[in-house]
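Tertiary structure, described
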Amino acid sequence: MDAFKDKREDLKKYLARSQSMIHFSFDLWTSPNHLALLGIVAHFVDEYGQNQSVSAFMLSLSSMPLTFRTSLHPLYLLHFVQ
């Protein structure tokens, strides 16, 4: 779990150094074992002026409350982005 927290902190620092707004794209799919998954990718310009895309998150939608799953409620997503 410490490795996850360390990687998350590294990613936060990396995104904080971006030279642009950070935009997010979302990809929804179903795994072969019928698990609903949500991938979140951050797009930005880094401190060297290069376009970057970072796969920031992967969530199991089955762990979300049904009301959030159906609407992908922005407040729920914001929790994972912060």
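Scope of this entry: the structure provided in the associated data block. None of these values were measured; they are calculated from a predicted model.

So, on to the nonpolar core. Listed in full, the five residues of the largest apolar core are Leu 11, Leu 15, Ala 42, Phe 44 and Val 54. Mapped onto this core, the elements with two or more residues apiece are helix H1 (2-16) and strand S2 (36-45).

Our focus in this paragraph is the packing of aromatic side chains. The relation between two aromatic rings is expressed through the spacing of the ring centres and the mutual angle of the planes. Overall, the coordinates contain one aromatic pair when judged by the stated rule. Between the aromatic rings of Tyr 14 and Phe 44, the centroid separation amounts to 5.3 Å while the plane-to-plane angle is 80°, which identifies the pairing as edge-to-face. You can see Tyr 14 sitting in helix H1 and its partner Phe 44 sitting in strand S2, a full 30 residues away along the chain.

Here the focus is the pairing of S2. As paired elements, strand S1 (residues 23-30) and S2 share eight bridges and run antiparallel to each other. Among the inter-strand pairings, Leu 28 is bridged to a residue of S2, identified as Leu 38. Between S1 and S2, which pair antiparallel and follow one another directly, the connecting turn spans five residues, one of which, His 34, has a positive phi of 70°.

Time to look at the environment of Leu 28. Secondary-structure assignment places Leu 28 in strand S1. Its relative accessible area of 47% is what places Leu 28 among the partly exposed residues. Once the C-alpha coordinates of Leu 28 and Ile 40 are considered, the two residues, twelve residues apart in sequence, prove to be 9.0 Å apart.

What follows is about the pattern of salt bridges. Summed over the entire model, instances satisfying the criterion amount to two salt bridges. Between Lys 12 and Glu 9 there is a salt bridge, with the nearest N and O atoms lying 3.6 Å from each other. In this pair, Lys 12 and Glu 9 are both assigned in helix H1, three residues apart and thus about one turn of the helix distant. By relative accessible area, Lys 12 is classed as partly exposed at 36%. We note a salt bridge from Glu 47 to Arg 17, for which the minimum N-O separation is 3.4 Å. Placement of Glu 47 in the loop between S2 and strand S3 (51-60) and of Arg 17 in the loop between H1 and S1 is noted, with a sequence separation of 30 residues between them.

Parameters at a glance
- Residues numbered from 1 in each chain as written.
- Predicted model: local features only at pLDDT ≥ 70, side-chain atom pairs only at ≥ 80, totals over all residues.
- Heavy atoms only, no water.
- Core = buried A, V, L, I, M, F, W, Y, C linked by side-chain atoms within 4.5 Å.
- Buried < 20%, exposed > 50% of the residue type's maximum accessible area, 1.4 Å probe, protein only.
- Helix = DSSP H or I, 4+ residues; strand = E, 2+ residues; numbered from the N terminus.
- Phe/Tyr/Trp six-rings, centres within 6.5 Å; stacked < 30°, edge-to-face > 60°.
- Pairing = 2+ DSSP bridges.
- Salt bridge = Lys/Arg side-chain N within 4 Å of Asp/Glu carboxyl O.

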